[in-house]
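Residue-level listing of the chains:
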Amino acid sequence: QEDMYRGKELTRALQGAGMRYEYWGDKLGEDSLDSQPEADLRRALKGALAAASPGPLCLLGHMHEPHKCHRLALASLVPPEWTVLHLMWSDHQSLCTLSHVEA
């Protein structure tokens, strides 16, 4: 899976949609969440947020439901001045949005 997230095809596809893509899985991925102290994760997340372009930021993961994915734990570490929304497919064409509290 890491190869997919680091792949040039994904980067090009997202750039074509006007989005910049950066891989932070080595610092914020599921394995990091299980093995790093929370303070280190907060520092890595702070670095990712500081490096992000102004505007919406998306954390990608491989699980459909937020409660099954490490992104839920990461989203809990996001500073309170950021708004966290979880996007999920409601069917193969439509997205639904959940607040972090709902997830």
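Residues numbered from 1 in each chain as written. Predicted model: local features only at pLDDT ≥ 70, side-chain atom pairs only at ≥ 80, totals over all residues. Heavy atoms only, no water.

**Side note on the side chain of S32**
Put simply, the rule reads: Secondary structure elements are defined from DSSP: runs of H or I of at least 4 residues count as helices, runs of E of at least 2 residues count as strands, and each element is numbered from the N terminus. Whenever two N or O atoms come within 3.5 Å, that pair is a polar contact, provided that in protein one can donate a hydrogen and the other can accept it, and provided that, for residues adjacent in sequence, both atoms are side-chain atoms. The criterion used for residue contact is that any of the two residues' heavy atoms lie within 4.5 Å.
Structurally, the position occupied by S32 is in helix α4 (residues 30-35). Here the side chain of S32 touches D26 through a polar contact of 3.0 Å, landing on its backbone oxygen. Setting aside its immediate chain neighbours within four residues, S32 contacts G25, D26, K27 and L41.

**Looking at the side chain of R71**
Counting through the fold element by element, R71 comes out in helix α6 (residues 70-76). Those residues in contact with R71, other than ones at most four positions away along the chain, are L59, L60, G61, M63 and H64.

**A word on a nonpolar patch on the surface**
We apply this condition: Like charges are joined within 9 Å and nonpolar side chains (Val, Leu, Ile, Met, Phe, Trp, Tyr) within 5 Å, but only among residues with over 30% relative accessible area and no salt bridge; these make up the patches. Method for areas: the Shrake-Rupley scheme with a 1.4 Å probe, in which residue coverage is limited to the protein chains shown. Basic side-chain nitrogens of Lys or Arg form a salt bridge, by our definition, when they fall within 4 Å of a carboxyl oxygen of Asp or Glu. Whether a residue is buried, partly exposed or exposed follows from its accessible area with a 1.4 Å probe, protein chains only, as a fraction of its type maximum: under 20%, in between, or over 50%, in that order.
Together, L57, L59 and W82 line one region of the surface with nonpolar side chains, adding up to about 230 Å² of accessible area. With respect to the helices, strands and loops of the structure, W82 is situated in the loop between α6 and β1 (85-89). Judged by its relative accessible area of 32%, W82 falls in the partly exposed class.

**A look at the environment of K68**
Note that K68 resides in the loop between α5 (38-51) and α6. Judged by relative accessible area, K68 falls into the partly exposed class, the value being 48%. For the pair K68 and G55, spaced 13 residues apart in sequence, the C-alpha separation works out to 26 Å.

**Points about the pattern of salt bridges**
Using the criterion set out here, one finds three salt bridges in the structure. For D40, the salt bridge goes to R43, with nearest N and O atoms at 2.3 Å. A residue pair is termed a helical-turn pair when its members lie 3 or 4 positions apart in one helix, as D40 and R43 do in helix α5 at three residues. Residue classification places D40 among the partly exposed positions, given a relative accessible area of 28%.

**Digging into the packing of aromatic side chains**
Let me state the cut-off plainly: Stacked, edge-to-face and tilted are the three classes for Phe, Tyr and Trp ring pairs, Trp counted by its six-membered ring, which pair at centre distances within 6.5 Å; planes under 30 degrees apart are stacked, over 60 edge-to-face, the rest tilted. For a lysine, the NZ atom is tested; for an arginine, the CZ atom; a charge sits over a ring if that atom is within 6 Å of the ring centre and within 35 degrees of the ring normal.
Per the counting criterion, the structure on display carries zero aromatic pairs. One residue, K27, lies across the ring of W24, its end atom 5.8 Å from the ring centre.

**Details of the pairing of β1**
Applied cut-off: Pairs of strands are assigned from DSSP output, requiring at least two bridges between the strands.
Residue alternation in β1 divides its side chains into a buried set, H86 and M88, and an unburied set, L85, L87 and W89. Of the strand pairs in this sheet, β1 and strand β2 (residues 95-99) are connected by five bridges, and their pairing is antiparallel. Bridge pairing in β2 links L87 to T97. Connecting the antiparallel pair β1 and β2 is a turn made up of five residues.

**Quick look at the environment of A51**
Along the chain, the position of A51 falls in helix α5. By relative accessible area, which is 33% here, A51 ends up partly exposed. Between the alpha carbons of A51 and E22 there is a distance of 9.3 Å; along the sequence they are 29 residues apart. Those residues in contact with A51 that sit more than four places away from it in its chain are R20, E22 and W24.

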